[in-house]
Amino acid sequence: MTVRSVASLKDAAGALARDGRTEVVLCNIGAQMGLNDALCAAVRDAVSSCLPVPLVIISDRDDGGMIVESLRLGVRGYIVPSLGLGVMLEAIRLVAAGGTFVPATSLQSLFAPVPGGIAVPQTPPPSVSGPATDRIGGLTPREMAVLTCMREGKSNKLIAYMLGMCENTAKAHVRNVLKKLGATNRTEAAFMAHAYLSRGAALESNQP
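Computed from a prediction, not measured in an experiment: that's the story for all the values here.

This part is about the pairing of strand E1 (residues 25-30). Where E1 meets strand E2 (residues 55-59), five bridges bridge the pair, whose relative direction is parallel. Bridge pairing in E2 places Val-25 opposite Leu-55. As a crossover connection, the stretch from E1 through helix H2 (residues 37-50) into E2 is right-handed.

The next thing to look at is helix H8 (residues 167-181). The terminal C-alpha atoms of H8, which comprises 15 residues, lie 21 Å apart, in line with the 21 Å expected from a rise of 1.5 Å per residue. When H8 is considered as a whole, its buried residues turn out to be Ala-170, His-173, Val-174, Val-177, Leu-178 and Leu-181. Across the axial projection of H8, the buried residues extend over an arc of 135°, all falling on one side. In this structure, H8 carries Asn-168, Arg-175 and Lys-179 as exposed residues pointing more than 90 degrees from its buried face.

The next subject is the nonpolar core. Grouped together as the largest cluster of nonpolar side chains are 36 residues, with contacts concentrated most on Val-43, Leu-55, Ile-79 and Phe-101. Looking at this core, the elements with two or more residues in it are helix H1 (9-18), E1, H2, E2, helix H3 (64-72), strand E3 (77-79) and helix H4 (85-96). Listed in part, the 21 residues of the second largest apolar core include Leu-139, Val-174, Leu-178 and Ala-189.

Quick notes on the rules
- Residues numbered from 1 in each chain as written.
- Predicted model: local features only at pLDDT ≥ 70, side-chain atom pairs only at ≥ 80, totals over all residues.
- Heavy atoms only, no water.
- Pairing = 2+ DSSP bridges.
- Helix = DSSP H or I, 4+ residues; strand = E, 2+ residues; numbered from the N terminus.
- Right-handed = clockwise from strand over helix to strand, strands pointing away.
- Expected span 1.5 Å × (residues − 1).
- Buried < 20%, exposed > 50% of the residue type's maximum accessible area, 1.4 Å probe, protein only.
- Arc of directions from axis to C-beta.
- Core = buried A, V, L, I, M, F, W, Y, C linked by side-chain atoms within 4.5 Å.

Next up, the structure:
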């Protein structure tokens, strides 16, 4: 990656106007406690000025509320340094490829049960059938989650992070998905999933 530093979001917009080769704009807001009115306005203006180049926020705060607000403003990625350099680079590449990245741990905090509240189960009880998309090619819900990540172009390392598993486990799930769908590669598997979702009918595996 080639990185060019500028002093502000306004300067970033000006640089984009002069150089059309930029793929992602990164804005480091440090340890800001929240997105105040001035910062929200600056981010909103930057998103509008930088389009179609995506804007990614780098923040020291792993805060679900700030992430939701950032996405509402049009930000395409929210990265915290605690992810580690490898995952951060993969996240930037994902956004550059057209995806959106947020730390899974931050979003999970939004759904944490509160005292006296009712926790919403993440998976349906055994007596309740899952959605039809869980049955594409006989995939399990976990494999469906992996397939969704594959459709978004995520690498095995990023799939592992997003789904809370080790990279070897992610690789194994990817292999199982390809085998069950009868796909020869990730692109073909993503195409098959897209075709299924487009027609709203069960996708049959190519395997006999």
